[in-house]
Amino acid sequence: MKMKYAFLVLLGIVLAVSVLQMFSVPPYAGDVRALFRSGYFIELDKGFDIIKEAFIGTKMYGRPVSAWILLEDVGSRHGIDIRVYNASGLRVRAPGEAENGGDERVVRVLNSIEPAAYSEIIGGRYYSAVPVFMEDRCRFCHDSRQAKKLAGVLTFERDFDARVYYGAERVVIFAVISTALCLLIFLTLRWEPGRRVKELFDK
């Protein structure tokens, strides 16, 4: 019986923590990205990809300078700091205007064997470095003699507020966990660990 009561106490504590997590208490979305990446950040990344494709399309089919004007307009309207870096890791403020003072995170993406988007949260702002892969259509502007995987990198940095989205996610997740724990508590209450031992001695 002592084992049963200890198990019930343990389940009760876990259930209390699970129910508590359904409310707006720590940890928050930005604190648990390493373990659970909220759909909120996935949506932000999708938005960054759309901006990247719009930039590439404008640069290819219009005037290159129009692509930078597009980024400046989108960034100012939506509070996003957008920067363009070439394949050497130099920031490009406008077509043909590369400057030193690169971003170490951009260099890390450029030097990666398998380049992929890199993101992090610093001081309440969400940062993402998105690689622009070299395609056949890119070689019209970029040096076709260089066998590089990337044409460059776009970085995005913005404030974020994942409370509503993450709040809905955690309610669903912990509601399922709490239901499962309630079922376990019910089964534990019906469990009689000493019954079979007693029946053996009664025989």
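Below you will find a few notes about this structure. Remember, it's a predicted structure, so these values are computed and weren't measured experimentally.

Here we look at the pattern of salt bridges
Argument step 1. Evaluated as defined, the whole model comprises 10 salt bridges.
Argument step 2. The partner of Arg 125 in a salt bridge is Asp 159, with the nearest N and O atoms 2.9 Å apart. A residue pair is termed long-range when its members are at least 10 positions apart, and Arg 125 in strand E5 (residues 125-133) and Asp 159 in strand E6 (residues 150-159) qualify at 34 residues.
Argument step 3. Overlapping salt bridges, with partners in common, bring together Asp 49, Lys 52 and Glu 53 in one network.

Considerations on the environment of Ala 117
Argument step 1. Looking at the element boundaries, Ala 117 is found in the loop between helix H4 (104-110) and strand E4 (118-122).
Argument step 2. Sequence separation of Ala 117 and Leu 154 is 37 residues, and the distance between their C-alpha atoms is 9.7 Å.
Argument step 3. Those residues in contact with Ala 117, other than ones at most four positions away along the chain, are Ala 129, Val 130 and Pro 131.

Describing the nonpolar core
Argument step 1. In terms of nonpolar packing, the biggest core is built from 22 residues, with Ile 51, Phe 55, Ile 82, Val 84 and Phe 156 touching the most fellow members.
Argument step 2. At the level of elements, helix H2 (39-61), helix H3 (64-78), strand E1 (80-86), E5 and E6 are the ones that each hand at least two residues to this core.
Argument step 3. Broken down by element, the residue count for this core peaks at seven residues, all from H2.
Argument step 4. Filtering out sequence-adjacent residues up to four positions away, Ile 82 remains in contact with Ile 51, Leu 71, Val 74, Gly 75, Thr 155 and Phe 156.

Points about a nonpolar patch on the surface
Argument step 1. On the surface, a cluster of nonpolar side chains totalling about 460 Å² of accessible area is made up of Met 3, Phe 7, Leu 10, Val 14 and Trp 191.
Argument step 2. For Met 3, the position within the fold is in helix H1 (residues 2-20).

Description of the packing of H2 against H3
Argument step 1. Between H2 and H3, whose axes approach to 7 Å, the crossing angle comes to 155°. The angle between H2 and H3 falls in the class roughly antiparallel. The two elements H2 and H3 meet at a crossing, and its hand is right-handed. For the pair formed by H2 and H3, the contact residues are Ile 51, Ala 54, Phe 55, Thr 58 and Lys 59 on the first element and Pro 64, Ser 66, Ala 67, Trp 68, Leu 70, Leu 71 and Val 74 on the second.
Argument step 2. Classifying every residue of the contact of H2 with H3 gives nine nonpolar, two polar and one charged.

Focus on the packing of aromatic side chains
The description of two aromatic rings rests on the distance between their centres and on the angle between their planes.
Argument step 1. Considering all chains together, one arrives at six aromatic pairs under this definition.
Argument step 2. When the centroid spacing of 6.2 Å and the interplanar angle of 15° are considered together, the rings of Phe 48 and Tyr 126 count as stacked. Placement of the pair is Phe 48 in helix H2 and Tyr 126 in strand E5, with a sequence separation of 78 residues. Comparing Phe 48 with Tyr 126, the two get one shared label, buried.
Argument step 3. Considering the side-chain rings of Phe 55 and Trp 68, the 5.1 Å spacing of their centres and the 75° angle between planes classify their relative orientation as edge-to-face. Note that Phe 55 is positioned in helix H2 and Trp 68 in helix H3, a separation of 13 residues in sequence. By the burial criterion, Phe 55 is buried, and Trp 68 matches it.
Argument step 4. Linked through ring pairs, Tyr 40, Phe 41, Phe 48, Tyr 126, Phe 156 and Phe 160 together constitute an aromatic cluster.
Argument step 5. Over the aromatic face of Tyr 127 sits the side chain of Arg 105, whose NZ or CZ is 3.6 Å from the ring centroid.

How each quantity is defined
- Residues numbered from 1 in each chain as written.
- Predicted model: local features only at pLDDT ≥ 70, side-chain atom pairs only at ≥ 80, totals over all residues.
- Heavy atoms only, no water.
- Salt bridge = Lys/Arg side-chain N within 4 Å of Asp/Glu carboxyl O.
- Helix = DSSP H or I, 4+ residues; strand = E, 2+ residues; numbered from the N terminus.
- Contact = heavy atoms within 4.5 Å.
- Core = buried A, V, L, I, M, F, W, Y, C linked by side-chain atoms within 4.5 Å.
- Buried < 20%, exposed > 50% of the residue type's maximum accessible area, 1.4 Å probe, protein only.
- Patch = residues over 30% accessible without salt bridge, like charges linked within 9 Å, V, L, I, M, F, W, Y side chains within 5 Å.
- Areas by Shrake-Rupley, 256 points an atom, 1.4 Å probe, with all protein chains shown as cover.
- Axes fitted to C-alpha atoms, helices over the stretch in contact; angles between N-to-C directions.
- Parallel < 35°, antiparallel > 145°, perpendicular 65-115°, else oblique.
- Left-handed = near helix turned anticlockwise from the far one by under 90°.
- Nonpolar A, V, L, I, M, F, W, Y, C, P; charged D, E, K, R; others polar.
- Phe/Tyr/Trp six-rings, centres within 6.5 Å; stacked < 30°, edge-to-face > 60°.
- Lys NZ or Arg CZ within 6 Å of the ring centre and 35° of its normal.

Nothing here speaks to function; it is geometry throughout.
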